[in-house]
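Residue-level structure breakdown
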Amino acid sequence: MAVTARSHQPSPSTRAGQTKSLPGTIAETIDLIEAAGGTAFGIAADLEDTGQRAGLIDQVVERTGRLDILVNNAGYADYSIIEKMSMETFDRTVEHYVRTPFVLIQQAIPRMRRQGAGWIVNIGSVTGLAPARPYRPYNKTSGDVVYASMKAALHRLTQGLAAELLDANIAVNVVGPSSAVRTPGADSLIPETFPTEPVEYLAETVLAMCHLPAAERTGLVAFSLHYPWSQQLAVHSLDGSTRLPPLEPPKVANPNILPAGL
């Protein structure tokens, strides 16, 4: 397994004019994978850098000889209401959530075609669905509209690409949180009262998108509480050692979510 992030050490990121380093490193992730019995290696690549982004897939294939699964998870949201959003923030949001997945997918497709199979999973967001009426205070003030628009674009990109790649046996799906996952990077954007969910349900849903042929499972936009609940999918701890209890989607979840995808 290839693990990639901007650098091997925590690197500073700027949001809303404030710069800070988030916890976690490539090495820590590799250690967790290996402690669970897997194998992994790390590649540092800043996906905002066009050169580093362009060479990432080649570096992985040089080490592994093939590319079976691509998970597009990188991103750094910088919220602002549209009236006050800078063009720098707008451009960066487009770069992270549309251009970067596009570039990596475009590089991955020929390798997967030659292998006769592949899986692409894009990490989406419930914000990519239209906000339910009546609008909540969060919808009026959060400043997530451009971020959400890029996630909606990623959802549609996934659905269209699934049709293009079906005959090549390459599955393309989206997985997004049914509510939100309170990671260190997202914590400052999530109100204290907003319902959140454990990351294990997201990880299990991603895994579910990566083991059936494209003819059986492609083009889904699946949400990480709704999908396991509706499919009676067993959810495990990240190391696979413990089965977690079924977790019903919250009543306050966006009513536009369908249980098994859009």
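Structure: above.
Notes on the structure follow. (Residues numbered from 1 in each chain as written. Predicted model: local features only at pLDDT ≥ 70, side-chain atom pairs only at ≥ 80, totals over all residues. Heavy atoms only, no water.)

A look at the overall build of the chain
Helix and strand content of the chain: seven helices and 10 strands. Taken over C-alpha atoms, the radius of gyration comes to 18 Å for the chain, in line with the 18 Å a tight globule of 262 residues would show. If you line up the chain on its principal axes, its C-alpha atoms span 50 × 40 × 40 Å. Out of the 262 residues belonging to the chain, those deemed buried represent 45%. Of the contacts formed within the chain by residues at least 6 apart in sequence, a portion of 68% connects residues at least 24 apart. For the chain, the accessible area works out to roughly 13700 Å², and carbon and sulfur atoms hold 55% of it. The distance from the centre of the 21 positive side-chain charges to the centre of the 25 negative ones in the chain is 5 Å. (Helix = DSSP H or I, 4+ residues; strand = E, 2+ residues; numbered from the N terminus. Rg over C-alpha atoms; globule rule 2.2 N^0.38 Å. Buried < 20%, exposed > 50% of the residue type's maximum accessible area, 1.4 Å probe, protein only. Contact = heavy atoms within 4.5 Å. Areas by Shrake-Rupley, 256 points an atom, 1.4 Å probe, with all protein chains shown as cover. Lys, Arg positive; Asp, Glu negative; His and termini not counted. Charge placed at Lys NZ, Arg CZ, Asp CG, Glu CD.)

Some words on the packing of helix α2 (residues 50-64) against helix α3 (residues 87-115)
Where α2 contacts α3, the axes come no closer than 9 Å and their chain directions differ by 40°. In the packing of α2 onto α3, the handedness of the crossing is right-handed. Every residue of α3 that contacts α2 at R53, A54, L56, I57, D58 and V61 is listed here: E95, R99, T100, V103, L104, Q107 and R111. Looking at the contact of α2 with α3 residue by residue, the class counts come to six nonpolar, two polar and five charged. (Axes fitted to C-alpha atoms, helices over the stretch in contact; angles between N-to-C directions. Left-handed = near helix turned anticlockwise from the far one by under 90°. Nonpolar A, V, L, I, M, F, W, Y, C, P; charged D, E, K, R; others polar.)

Observations regarding the pairing of strand β4 (residues 41-44)
Burial of β4 is one-sided: the residues F41 and I43 facing one way are buried, the residues G42 and A44 facing the other way are not. By the bridge criterion, four bridges tie strand β1 (residues 2-5) to β4 in an arrangement that is parallel. Its bridge partner lying in β4, A5 is registered against A44. (Pairing = 2+ DSSP bridges.)

Thoughts on the environment of E197
Mapping E197 onto the fold places it in the loop between β7 (170-176) and α6 (199-208). Sequence spacing of E197 and L225 is 28 residues, and the spatial spacing of their C-alpha atoms is 8.1 Å. Sequence-distant contacts of E197, defined by excluding residues within four places in its chain, comprise P177, S178, S179, A180, V181, S224 and L225. Reaching out from E197, the side chain makes a polar contact with the backbone nitrogen of S178 at a distance of 3.0 Å. (Polar contact = N/O pair within 3.5 Å; in protein donor to acceptor, adjacent residues only side chain to side chain.)

Quick word on α3
An ideal rise of 1.5 Å per residue puts 42 Å on 29 residues; α3 measures up with 41 Å between its terminal C-alpha atoms. By the largest-angle criterion, E95 marks the main kink of α3, which is about 40°. Positive phi appears at G116, one or two residues downstream of α3, with a value of about 90°. (Expected span 1.5 Å × (residues − 1). Bend = angle between axes of the 7 residues up to and from the residue.)

Focus on the packing of α3 against helix α5 (residues 145-165)
Close contact between α3 and α5 brings their axes to 9 Å; oriented N to C, the two are set at 15°. With respect to α5, the element α3 is oriented roughly parallel. Both α3 and α5 take part in a crossing whose hand is right-handed. Where α3 abuts α5, its residues F90, T93, V94, Y97, V98, P101, I105, I109 and R113 lie against V146, Y147, M150, K151, A153, L154, L161, E164 and L165. (Parallel < 35°, antiparallel > 145°, perpendicular 65-115°, else oblique.)

Looking at the nonpolar core
Nonpolar side chains tend to gather and get buried jointly when the protein is soluble and globular. Ranked by size, the top nonpolar core spans 22 residues in total, and within it L56, L67, L70, M112, I120 and L165 carry the most contacts. Looking at this core, the elements with two or more residues in it are β4, α2, α3, α5 and β7. Here the element with the most residues in this core is α3; it accounts for five residues. With near-sequence residues (within four places) excluded, I120 lies in contact with L70, N72, I105, M112, L165, I170, A171, V172 and N173. (Core = buried A, V, L, I, M, F, W, Y, C linked by side-chain atoms within 4.5 Å.)

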